[in-house]
Structure formats: structure tokens, C-alpha cells
Amino acid sequence: RWRDYVSRLAWERLGIGRGKSGHLIPRLEDALAKFSRRDSAEVVQPVRTTVALQKHRGFLGMMPCYMENDGVLCTKLVCFYNREEGSTLPPVQATVVLLDPEYGNVKAVMEGEVITCMRTAAVSAISAKLLMRPGTEVLAILGSGQQARSHYTVFTEIFSFKEVRVWSRTREGAERFCRSVAGPVIVCGSAEEAVRGADAIVTVTGSTEPVLCGHWVKPGAHVAAVGACRPDWRELDDALMKEAVVYADSREGATAESGDVILSGVEVFAELGDVLNGTKAAHREKTTVFKSLGMGVEDAVSAKLVFDKWNAYTTSQL
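These numbers come from a predicted model, not from an experiment. (Residues numbered from 1 in each chain as written. Predicted model: local features only at pLDDT ≥ 70, side-chain atom pairs only at ≥ 80, totals over all residues. Heavy atoms only, no water.)

Caption draft 1: Region of interest: the pairing of strand β10 (residues 222–225). Going residue by residue along β10, you find His-222 and Ala-224 tucked away on one face and Val-223 and Ala-225 tucked away on the opposite face as well. Of the pairings in the sheet, the one linking strand β9 (residues 200–203) to β10 comprises four bridges and is parallel in character. Bridge pairing in β10 places Ile-201 opposite Val-223. One ladder, built from four bridges, connects β10 with strand β13 (residues 288–291); its direction is parallel. Across the sheet, residue Ala-224 finds its bridge partner in β13, namely Phe-290. (Buried < 20%, exposed > 50% of the residue type's maximum accessible area, 1.4 Å probe, protein only. Helix = DSSP H or I, 4+ residues; strand = E, 2+ residues; numbered from the N terminus. Pairing = 2+ DSSP bridges.)

Caption draft 2: Expanded view of helix α5 (residues 171–180). Taken together, the buried positions of α5 are occupied by Gly-173, Ala-174 and Phe-177. For α5, the angular spread of the buried residues around the axis is 100°, confining them to a single face. Every exposed residue of α5 that faces more than 90 degrees away from the buried side is listed here: Glu-172 and Arg-179. If you follow the buried residues of α5, they end up packed against β6 (138–142), α4 (146–158), β7 (163–167) and β8 (186–187). (Arc of directions from axis to C-beta. Contact = heavy atoms within 4.5 Å.)

Caption draft 3: Structural context of the sheet that holds strand β3 (residues 72–81). The strand order across the open sheet formed by five strands is β1-β2-β3-β4-β5, and the pairing between neighbours is antiparallel. Pairing within the sheet leaves two strands with one partner each, and these edge strands are β1 (49–53) and β5 (106–111). The average angle at which neighbouring strand axes cross in this sheet is 15°, direction not considered. Lying on the sheet, helix α11 (residues 296–316) is in contact with β2 (58–67), β3, β4 (92–99) and β5; it crosses β2 at an angle near 70°. (Axes fitted to C-alpha atoms, helices over the stretch in contact; angles between N-to-C directions.)

Caption draft 4: Up close: the nonpolar core. Ranked by size, the top nonpolar core spans 62 residues in total, and within it Met-110, Ile-141 and Leu-272 carry the most contacts. Mapping this core onto the domain boundaries places at least three of its residues in each of domain 1 (4–115 + 297–317) and domain 2 (119–294). With residues near it in sequence (within four places) discarded, Leu-272 still touches Leu-32, Val-123, Ile-126, Ser-127, Leu-130, Leu-131, Tyr-247, Ala-248 and Phe-290. Listed in part, the 38 residues of the second largest apolar core include Phe-59, Val-138, Ala-140 and Trp-233. (Core = buried A, V, L, I, M, F, W, Y, C linked by side-chain atoms within 4.5 Å. Domains from an automatic or database assignment.)

Caption draft 5: Expanded view of the packing of helix α3 (residues 112–131) against α11. At a minimum axis distance of 10 Å, the contact between α3 and α11 shows a crossing angle of 120°. The handedness of the crossing between α3 and α11 is right-handed. For the pair α3 and α11, the contacting residues are Ile-115, Thr-116, Arg-119 and Val-123 in the first and Glu-298, Asp-299, Ser-302, Ala-303 and Val-306 in the second. Classifying every residue of the contact of α3 with α11 by side-chain character gives four nonpolar, two polar and three charged. (Left-handed = near helix turned anticlockwise from the far one by under 90°. Nonpolar A, V, L, I, M, F, W, Y, C, P; charged D, E, K, R; others polar.)

Caption draft 6: Local environment of the state of the cysteines. Applying the stated criterion to the full structure yields zero disulfides. The cysteine Cys-117 is free of any disulfide, with Cys-229 supplying the nearest cysteine sulfur at 13 Å. Looking at Cys-117, the relative accessible area reads 4%, which means it is buried. (Disulfide = S-S within 2.5 Å.)

Caption draft 7: Quick look at the packing of α3 against α4. Their axes nearest at 8 Å, the elements α3 and α4 cross at an angle of 45°. Taken together, the axes of α3 and α4 are oblique relative to one another. Two packed elements cross with a definite hand, and for α3 against α4 that hand is right-handed. Of the residues in α4, those touching α3 at Glu-113, Thr-116, Cys-117, Met-118, Thr-120, Ala-121, Ala-122, Ser-124, Ala-125 and Ala-128 are Gln-146, Gln-147, Ser-150, His-151, Val-154, Phe-155 and Ile-158. Taken together, the residues that form the contact of α3 with α4 break down as nine nonpolar, seven polar and one charged. (Parallel < 35°, antiparallel > 145°, perpendicular 65-115°, else oblique.)

Caption draft 8: Structural detail: the pattern of salt bridges. Taken as a whole and assessed by the stated rule, the structure comprises 19 salt bridges. The salt bridge partner of Arg-165 is Glu-163, with a shortest N-O separation of 2.6 Å. The exposure class assigned to Arg-165 is buried, which follows from its relative accessible area of 12%. Judged by its relative accessible area of 27%, Glu-163 falls in the partly exposed class. One salt bridge in this structure joins Glu-192 and Arg-196, with 2.9 Å as the shortest N-O distance. Taking relative accessible area as the criterion, Glu-192 reaches 30% and is therefore assigned partly exposed. (Salt bridge = Lys/Arg side-chain N within 4 Å of Asp/Glu carboxyl O.)

Here it is, written out as C-alpha cells:
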């Protein structure tokens, strides 16, 4: 789509997320650490508020965040849907609004899909940096949409995998994914085939029932679970959740919104920010699950980065 092309071109031209260090990941690591310190002068962020769109099998989520010390006020409006198979309608649509915290005026309105995809993949990569065993070789991706592509881009930028596998509900989706990315990918006929022996697994599906079973996952693997953002939606089965050490971006978010956490009855061991702050351990020797729900602070620092880079770019063109 034209909007996607323009958004991605702008993202690349601004140099955000490019290269192994990038601009985005260090800012997100700092934001996650600040969030987990629970200092209201650093981050004020409620759990996402949702409104059910029952007629359309969807939800409107509102994700505000205020970072007083950094002078950042931001909110994201995101609509996400449980689409029927074969639907041509988008599963997610998002808009990010950056405001001036002193005057209250809108500074920028940004198309939110690229920001959401890139910051989500970047946080998943942070989880892998912290929790994945050294010397990993095989990455498996379950799902073939925008989030699958952004995770492929970020993970293959940062880590040196020898093999990348993908599984999708349809062969066409997996093959379309392969055509859309730069490197070699093995298309697998089943989720089990994709994840057997994998060192890192990313689940980015629209599923409401488990697609990843614990007895398929090799001991010591790291799983970044990105889909299933409602209390009654699942991507991971009980066996995996109960075997793994579970981490989250937000403990409150995971216990309020994640069906994988709520329905399995497991406890969140730590937030990524706790590990970054040195207050909780990174159990690399064990099977680990990072449950990603997404947070307003991630959108806020990403939007501020885009805004600052865009200002610098436009000034340089004068």
C-alpha cells in the first residue's frame, strides 16, 4: 500500500533502527528500565484501556504515557481485530499522537503501524539479548504478517542465525513472507516442524488458541510471544508456560491482558526492565518466555525519536 511505502521510506531515510546498534534499541532499553523503577517522574503509564467493537470482532486500545523528566507526552490509538481467515481487511490499524506536555497542543500525528512493528520487534530483540543462550543458530517465526517481517528484519540485523524458518496458517502466506524479506528462509509445513530444535522462537500470529506446544520446544530455547493480547486469547500451551521462566514488558499488563499468563495460572518472574536494572536475574540456562503486550512508553520514545529525526532532516533540507 502507498501509505506503507511512504512510512517505511521515511523510517529508512531517518536512519532509525539501522545497523546492529541502531537508534531505537538503546532508547527502548532505557525506557524499559525507567518503567520498571516505578518512578512517576520518569514514566506514568496506565494499563491499556480497551473498548470492544463487537460488531466488527475487534477492540480499540488507548495507550497514553507521560515522561515528565524527558518532556514527552504521547498516546496511541490502536484498533485490532480477530479477522476471519481470508479477510482482506487489516488486522491492526494504529495512530500515534505526540503532544506538548506544557501547552497541551498536538505536535505530531503519526501513522502508527511502522512504529508499532519496529518497536515491538526491537523489544523482542532486547528480550533475546538478555535471555537467549549464546551461540544460537536457528530462529523460527510462527506467523507471516507485518510483525513477522519486522521481527525477521531486526533479529537478523542483530543476531547471526545460520537458519531461519517460518510457518503460517497458509502456504501462500509463508511464501509471500519469503518474497518480502532479504535473506533465505525455510518454509515449514507445520508449526511443530518450524520450532523443533530452534534456539529462538517468535510467535506473531492472530491466533486465539495455542499454536506452540511445550513438548516441541527444546530445553533452553527462548520464546518471544507477541500475539494473543486479550485475556481469553492464547498462542502458547500450558505445558510451555509452566515449564518456562516467564518475563514480560509489564507485569500489570500481562496479568490483566495476556491469556497465556492468565489462563495458564503462571506468575511473571520479572519485567525486562528488572533485568536491565539488575534487580532480577536473566535465566539463560532455562527455557524462557517473554510475553510482549506492548506499552505506551515504547510508543512514546519511538515517536519522540521519529519526531526529532524528522525535524533534523527537514531542517537540513532548508
